[in-house]
Amino acid sequence: MPSDRRQFLMQSAALSLGGPLAASMQPASKTRLTPLPPGQPLVDYRPVITPNGTTLPWKIVAGVKVFHLVAEPVRHEFAPGLQGNCWGYNGRVHGPTIEAVEGDQVRIYVTNKLDAPTTVHWHGMFVPNGMDGVGGLTQRSIEPGETFCYEFTLRQHGTFMYHSHHDEMVQIALGMVGMFVVHPRNPTGPMPDHDFCYMLSEWSLPVGAERPDPNEMTDFNVLTFNGKVFPATAPMVVKTGERVRIRLGNLSPMDHHPIHLHGHAFEVVETDGGQIAPAARWPETTVLVATGQTRAVEFLADAPGDWAMHCHMTHHVMTQMGHGIPNLVGVDPSAFDEALAAVVPSIRTMGSDMSAMNDPDAPDDTLPKNSLPMVGGTGGFGYVTMGGMVTVLKVRDGITSYEDPGWYEHPPGTVAGPATPAALARDDIDT
Ligand SMILES: [Cu+2]
């Protein structure tokens, strides 16, 4: 290649990489080692909302933000009817969201009330190596009954996570994870009106069992947003025209989750590696969040309605589904049901319509103890055939409260319905 052409290509590459790379590497914040005065909510940042969750309280001691995490067993409800004996922090699954501001000096005590050693790793964060929380590698693990102290200056801003880094397979599978949000000290760009925060996870909880199985490798059957399955997932309620940020972190043991939002397109503005420069963003409606990743998306909520947000892997919107079953799609199981009805009066075999055996409005005494229907709950029009990793963005005109407003009341003539004979004739549709 002629040297002038090679030089041109190298210059082009440098130019095209300069913007996003320079922004994402955050050279200034990475060298910030001197703490700043503690950032204050509603002054320096708008607090995040963790639907179905909470934010870890803190206090200031001599200019340091002091937090206290308690690792302990937690009896957790995934949805009414399904509870598990999990491990979490401060009585919760997952742990409370830790929230602070770039430049804050944070001191985080971790008390271990488990019967097993543990550690806490600050995922994605620039910390002194000895604060990184990897059991055996950068510290000895915290024995039962001990309290350790982690202290560092927040040198960056963004969407991060924390999780156990001792016996990860067991402790993460039992729920020992949480979100860690660091707001910018000097925000640029429009401030979101709502800043939602979700931890994505998955569990193996066989029907009737109460202890999630950390030995599971592939067949996870409870898929959760902030530890809940639909319809127990709290909706995101916003006013039409508001700017919304949704932060997604994934610490599922084994799976990625393509999270899809209906009715809107968003931009991915942030990963756990830092902010994405505006020129490097592009519109999406689905963002893939691999395990161990975070993504923050932003959009204007400009369309009133009840918009689903869900994982797009179809088995991740099911709950406690058995997979070792014959394929009965296209089979009429009624004869089989009649034959079995003598011994199991309420039997309804899963055939072409899986929802048939999961009608939540029909009393179902056959549901085993501590289990959920495979799919769904009731929506504004009847049965919703998704469960698991599903929630709803409720966009409303002119609301003054962000309490759940109920189901959307559609303007007349804007809901799909049976075609009228007049319309069929007009458009020459032969049914
Ligand atoms: Cu998924």
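Residues numbered from 1 in each chain as written. Predicted model: local features only at pLDDT ≥ 70, side-chain atom pairs only at ≥ 80, totals over all residues. Heavy atoms only, no water.

Caption draft 1: Region of the structure containing the overall build of the protein. When helices and strands are tallied, the protein shows five helices and 23 strands. Within the protein, the proportion of its 431 residues that are buried is 45%. When the accessible surface of the protein is summed, it comes to about 20500 Å², and 58% of that surface belongs to carbon and sulfur atoms. (Helix = DSSP H or I, 4+ residues; strand = E, 2+ residues; numbered from the N terminus. Buried < 20%, exposed > 50% of the residue type's maximum accessible area, 1.4 Å probe, protein only. Areas by Shrake-Rupley, 256 points an atom, 1.4 Å probe, with all protein chains shown as cover.)

Caption draft 2: Layout of the coordination of the copper ion. Each protein donor to the copper ion is listed here as His-257 (ND1), Cys-311 (SG) and His-316 (ND1); together their distances run 2.0 to 2.1 Å. As a motif over one chain, the donors of the copper ion read H-x53-C-x4-H. In this pair, His-257 is assigned in strand 14 (residues 257–261) and Cys-311 in strand 20 (residues 305–311), connecting sequence segments 54 residues apart. Cys-311 gets classed as buried once you look at its relative accessible area, which sits at 1%. (Donors = N, O, S within 2.8 Å, 3.2 Å for Na, K, Ca; no water.)

Caption draft 3: Layout of the packing of aromatic side chains. For the structure shown, the criterion picks out seven aromatic pairs. Ring geometry for Phe-78 against Trp-203: centres 5.0 Å apart, planes inclined by 75 degrees, an arrangement best described as edge-to-face. One end of the pair, Phe-78, is in strand 2 (residues 64–79); the other, Trp-203, is in strand 10 (residues 194–203), with 125 residues separating them in the sequence. Using a relative accessible area of 1% as the deciding quantity, one classes Trp-203 as buried. Judged by centre distance (5.8 Å) and plane angle (55 degrees), the ring pair of Trp-122 and Phe-152 falls under tilted. Taken as a pair, Trp-122 in strand 6 (residues 121–123) and Phe-152 in strand 7 (residues 147–153) lie far apart in primary sequence, 30 residues in all. There is no split in this pair, since Trp-122 and Phe-152 are both buried. Put simply, the rings of Tyr-89, Trp-122, Tyr-150, Phe-152, Tyr-162 and Phe-180 touch in pairs and so form one group of aromatic residues. (Phe/Tyr/Trp six-rings, centres within 6.5 Å; stacked < 30°, edge-to-face > 60°.)

Caption draft 4: A look at the side chain of Ser-141. In this structure, Ser-141 sits in the loop between strand 6 and strand 7. Look past the residues within four positions of Ser-141 in its chain and what remains in contact with it is Pro-117, Thr-118, Thr-119, Gly-135, Gly-136, Glu-146, Phe-148 and His-166. (Contact = heavy atoms within 4.5 Å.)

Caption draft 5: Broad picture of the environment of Asp-219. In this structure, Asp-219 sits in the loop between strand 10 and strand 11 (222–225). A residue is classified by how much of its surface remains accessible, and Asp-219, at 31% relative accessible area, is partly exposed. With 15 residues separating them along the chain, Asp-219 and Ser-204 place their C-alpha atoms 7.0 Å apart. Setting aside residues no more than four positions away along its own chain, Asp-219 makes contact with Ser-204 and His-323.

Caption draft 6: How the structure looks around the pairing of strand 18 (residues 286–289). Covered by surrounding structure in strand 18 are Val-287 and Val-289 only, the residues Thr-286 and Leu-288 on the alternate face being uncovered. As paired elements, strand 14 and strand 18 share four bridges and run antiparallel to each other. Paired with Pro-258 across the bridge in strand 18 is Leu-288. (Pairing = 2+ DSSP bridges.)

Caption draft 7: How the structure looks around the nonpolar core. By size, the foremost hydrophobic cluster in this structure holds 29 residues, and its most contacted members are Leu-69, Ile-98, Ile-108, Trp-122, Met-125, Phe-152 and Phe-180. Put simply, the parts of the chain that give this core at least two residues each are strand 2, strand 3 (82–89), strand 4 (98–101), strand 5 (105–112), strand 7, strand 8 (158–163) and strand 9 (177–183). By size, the runner-up hydrophobic cluster in this structure holds 24 residues, among which are Tyr-198, Leu-200, Phe-266 and Val-287. (Core = buried A, V, L, I, M, F, W, Y, C linked by side-chain atoms within 4.5 Å.)

Caption draft 8: Representation of the pairing of strand 4 within the structure. Because side chains alternate across strand 4, one face comprises the buried residues Ile-98 and Ala-100, and the other comprises Glu-99 and Val-101, equally buried. Strand direction decides the pairing type here: strand 4 and strand 9, joined by four bridges, are parallel. The residue bridging Val-101 from the neighbouring strand is His-183, located in strand 9.

Caption draft 9: Quick peek at the sheet that holds strand 14. Reading across the sheet, the five strands line up as 12-23-20-14-18 and stay open at both edges, with mixed pairing between neighbours. Edge strands, defined here as strands with exactly one partner in the open sheet, are strand 12 (236–239) and strand 18. Pairwise comparison of adjacent strand axes, ignoring direction, gives a mean angle of 20 degrees for this sheet. As defined by bridge partners, strand 14 adjoins strand 20 across three bridges and the pair is classed as antiparallel. Bridge pairing in strand 20 places Leu-261 opposite Met-309. (Axes fitted to C-alpha atoms, helices over the stretch in contact; angles between N-to-C directions.)

Caption draft 10: Summary view of the environment of Thr-224. As for its placement among the helices and strands, Thr-224 is situated in strand 11. Put simply, Thr-224 and Ser-252 are 28 residues apart on the chain and 9.2 Å apart in space, counted from C-alpha to C-alpha. Residues in contact with Thr-224, not counting those within four places in the same chain, are Phe-78, His-94, Met-199, Leu-200, Ser-201, Glu-202, Trp-203, Val-229 and Met-389. Within polar-contact distance, the side chain of Thr-224 engages the side chain of Trp-203 at 3.0 Å. (Polar contact = N/O pair within 3.5 Å; in protein donor to acceptor, adjacent residues only side chain to side chain.)

Caption draft 11: Focus on the pattern of salt bridges. All told, the structure shown has 14 salt bridges when counted by the stated rule. When the shortest N-O distance is used, the salt bridge between Glu-298 and Arg-245 registers 2.8 Å. Here Glu-298 is found in strand 19 (residues 294–301), whereas its partner Arg-245 is found in strand 13 (residues 242–250), with 53 residues between them in sequence. The salt bridge involving Asp-427 is made with Arg-426; its shortest N-O contact spans 3.1 Å. Taking relative accessible area as the criterion, Arg-426 reaches 62% and is therefore assigned exposed. Bridged by salt links that share partners, the residues Asp-195, Arg-243, Arg-245, Arg-247, Glu-270 and Glu-298 form one connected network. (Salt bridge = Lys/Arg side-chain N within 4 Å of Asp/Glu carboxyl O.)

Caption draft 12: Examining unusual backbone geometry more closely. Here the bond from Val-93 into His-94 is cis, since omega is -5 degrees, no more than 30 degrees from zero. Here the amide bond leading from Phe-230 into Pro-231 is cis, since omega sits at 10 degrees, within 30 degrees of zero. Relative to the elements of secondary structure, Pro-231 occurs in the loop between strand 11 and strand 12. We note that Leu-42 has phi near 70 degrees; this positive angle belongs to a residue other than glycine. Along the chain, Leu-42 falls in the loop between helix 2 (27–30) and strand 1 (59–61). Positive phi outside glycine occurs at Asn-52, with the angle close to 65 degrees. Mapped onto the elements, Asn-52 comes out in the loop between helix 2 and strand 1.

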